[in-house]
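Here's the letter readout for the chains.
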Amino acid sequence: MARIIGGIGTSHVPTIGVAYDKGKQTDPAWAPLFDGYKPVAAWLAEHKPDALVFFYNDHATSFFFDLYPTFALGIGESFEVADEGAGKRPLPPLRGDLDLQIHIAESLVNDEFDIATFQDRPIDHGCASPLPLMWPHDPDWPGTVVPIAINVLQFPLPTARRCYKLGQAVKRAIESYPVDLKVVVVGTGGLSHQVHGERTGFNDEEWDREFLDLFENDPMRLTRLTHADYIRRGGAESVEQIMWLAMRGALEGPIRSIHQNYYLATTTAMTVALYEPVEPLYQDAEKLSVAAQ
Amino acid sequence: MNPQLEGIEDLAGTYVFDLRTSHRALKLNRFLWRMIGADAREDFLADEEAAMKKAGLSETEMALVFARDWLGLIKHGASFFVMEKFARVARQTNLEVYAIMRGETFDEFMATRRVPECR
């Protein structure tokens, strides 16, 4: 059976991709960001997951507002990295595991989580900005990606609680996949930032720290916040942090933070965080009682 | 009113992009969105006015695009995320667009940032 071995929360700022492509990894202004991904890359190299399930958002690249899905799962053996106005990026196409993607789609829909699917669409910085910082890709990616796009652009957005439930449903889907795969779930976006209107440039580090603490220790409180709460506390576009809650739902139960890096340089609090699920205590107790019998 | 957005109207300098806005400004947003295609970029750069007329933009919208009036476009109903695709064609970085939306010069805006060299 497939199993989830960890979770990653990461910003997906497009400028990270630009800096990456320009080779700014050791530039003093950028090094604190790139260095923050090294422990995540090392963990992935050590644990060698077969697939990364990416809860990310499309920035009106794969989809336009004439048909903008609330939740959409990518089906395909490869996905081009999108041209978003500045030309193609020097990255190989993302690799996909068709059987796994289709199983997740079937499991979600049969579980009454009626997700849309897409094929043959390029994927933008929502997924492709942080990915190369964590996963080596020369000449090709070491594993496959299951892209799950969430609408965080055009209101009504799914609620924070609905995103958490999506994660729970994806966990059930993964754990019912009859192939012995190691899966890591990734939630992208945030943390605090606003990039439109006169309130552009808003940040709140105190809220960001509180979010990270609640995310690990009391995620249900985050699922009860409204979109307006997120916008007020973290800036309009930080509402996309509800995608971290999808990742948290897939890691349901206690988790342990392995690594965290926070770098608020210009407009977005660029953050990466790595988590491992903690075996619930009662399971240990059950094992002990079985052993005692 | 969407209950998830209750209280948002009290937040100055923030413009909700919901289905009402999206429906009203669909042509403008589609025009901005198309800038992810090399053909649309070439058409626009060859003849701005012809490209905008072909896309069905109103006089007001054409004036906003001509002026690269980023805040005006947002207030009119543009989604930032398609507007930034047009900003690439207009040869402006997101940081430059942010400064303009705040009503500041680029240097003034960057002076408010923790690591102004991070660009």
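For the structure itself, consult the block above.
Read on for an overview of the structure. (Residues numbered from 1 in each chain as written. Chains lettered and ligands numbered in written order. Predicted model: local features only at pLDDT ≥ 70, side-chain atom pairs only at ≥ 80, totals over all residues.)

1. Let's talk about the overall build of chain B
(1) Moving on: Helix and strand content of chain B: 9 helices and 0 strands.
(2) Moving on: Seen in sequence order, chain B has helices and strands lined up from the N terminus as α-α-α-α-α-α-α-α-α.
(3) Moving on: Seen along its three principal axes, the alpha-carbon backbone of chain B occupies a region of about 40 × 40 × 20 Å.
(4) Moving on: Residues classed as buried in chain B amount to 37% of the 119 residues present.
(5) Moving on: The contacts of chain B with a sequence gap of at least 6 include a subset with a gap of at least 24, amounting to 58%. (Helix = DSSP H or I, 4+ residues; strand = E, 2+ residues; numbered from the N terminus. Buried ≥ 20, exposed ≤ 12 C-beta atoms within 10 Å, placed from the backbone. Contact = placed C-beta atoms within 7 Å.)

2. Focus on the overall build of chain A
(1) Moving on: Tallying secondary structure elements over chain A gives 11 helices and 10 strands in all.
(2) Moving on: Its C-alpha radius of gyration of 18 Å places chain A within 12% of the 19 Å reference for a compact globule of 293 residues.
(3) Moving on: On the principal axes, the C-alpha backbone points of chain A span a range of 65 × 40 × 40 Å.
(4) Moving on: Within chain A, the fraction of its 293 residues that count as buried is 52%.
(5) Moving on: Long-range pairs, those at least 24 residues apart, make up 83% of the contacts in chain A with a sequence separation of at least 6. (Rg over C-alpha atoms; globule rule 2.2 N^0.38 Å.)

3. Observations concerning the interface of chain B and chain A
(1) Moving on: Each partner contributes to the interface: chain B provides 43 residues, whereas chain A provides 35 residues.
(2) Moving on: Listing elements by their share of the side of chain B that touches chain A, those giving two or more residues are α1 (19-24), α2 (26-33), α7 (80-89) and α8 (94-102) of chain B.
(3) Moving on: Tallied by class, residues from the side of chain B that touches chain A come to 22 nonpolar, 11 polar and 10 charged. (Nonpolar A, V, L, I, M, F, W, Y, C, P; charged D, E, K, R; others polar.)

4. Details of the pairing of strand β2 (residues 51-56) of chain A
All names here are of chain A.
(1) Moving on: Across the 6 residues of β2, 6 count as buried, placing the element largely inside the fold.
(2) Moving on: Here β2 shows two buried faces, one formed by Ala51, Val53 and Phe55 and the other by Leu52, Phe54 and Tyr56.
(3) Moving on: Of the strand pairs in this sheet, β2 and strand β7 (residues 144-150) are connected by 6 bridges, and their pairing is parallel. Considered in β7, the bridge of Val53 is made with Val146.
(4) Moving on: Pairing geometry for β2 and strand β8 (residues 182-188), over 5 bridges, is parallel. Counted as the bridge partner of Phe54 is Val186 from β8. (Pairing = 2+ DSSP bridges.)

5. Some points on the sheet that holds strand β9 (residues 255-264) of chain A
Two modes of strand pairing occur in sheets, parallel and antiparallel, and in both the strands are linked by backbone hydrogen bonds.
Residue and element names in this part refer to chain A.
(1) Moving on: Sheet architecture is open: 8 strands sit in the order β6-β3-β7-β2-β8-β1-β10-β9, paired in mixed fashion. The outermost strands of the open sheet, each flanked by one partner alone, are β6 (116-119) and β9. The mean angle between the axes of side-by-side strands here comes to 20°, regardless of whether they run parallel or antiparallel.
(2) Moving on: Contacting β9 and β10 (269-277), helix α7 (residues 205-217) crosses the sheet at an angle of about 165° to β9. (Axes fitted to C-alpha atoms, helices over the stretch in contact; angles between N-to-C directions.)

6. What to know about unusual backbone geometry
All names here are of chain A.
(1) Moving on: Phe155 connects to Pro156 through a cis peptide bond whose omega is 5°.
(2) Moving on: Among the secondary structure elements, Pro156 is positioned in the loop between β7 and α6 (160-175).
(3) Moving on: Phi at Lys48 takes a positive value of approximately 45°, unusual for a residue other than glycine.
(4) Moving on: Structurally, Lys48 is set in the loop between α2 (31-47) and β2.

7. So, the nonpolar core
(1) Moving on: In this structure, Val53(A), Phe54(A) and Ala246(A) are the most contacted members of the largest nonpolar core, which totals 120 residues.
(2) Moving on: The residues touching Ala246(A), leaving out its near neighbours within four places in the chain, are Phe55(A), Ile150(A), Cys163(A), Tyr164(A), Leu166(A), Gly167(A) and Gly187(A). (Core = buried A, V, L, I, M, F, W, Y, C linked by C-beta atoms within 7 Å.)

8. What about the environment of Arg232(A)?
Residues and elements named next belong to chain A.
(1) Moving on: Residue placement: Arg232 occurs in helix α9 (residues 227-234).
(2) Moving on: When the 20 C-beta atoms within 10 Å are taken as the criterion, Arg232 is described as buried.
(3) Moving on: Expressed as a C-alpha distance, the spacing of Arg232 and Ser107, which sit 125 residues apart in the sequence, is 36 Å.

These figures come from the coordinates and say nothing about function on their own.
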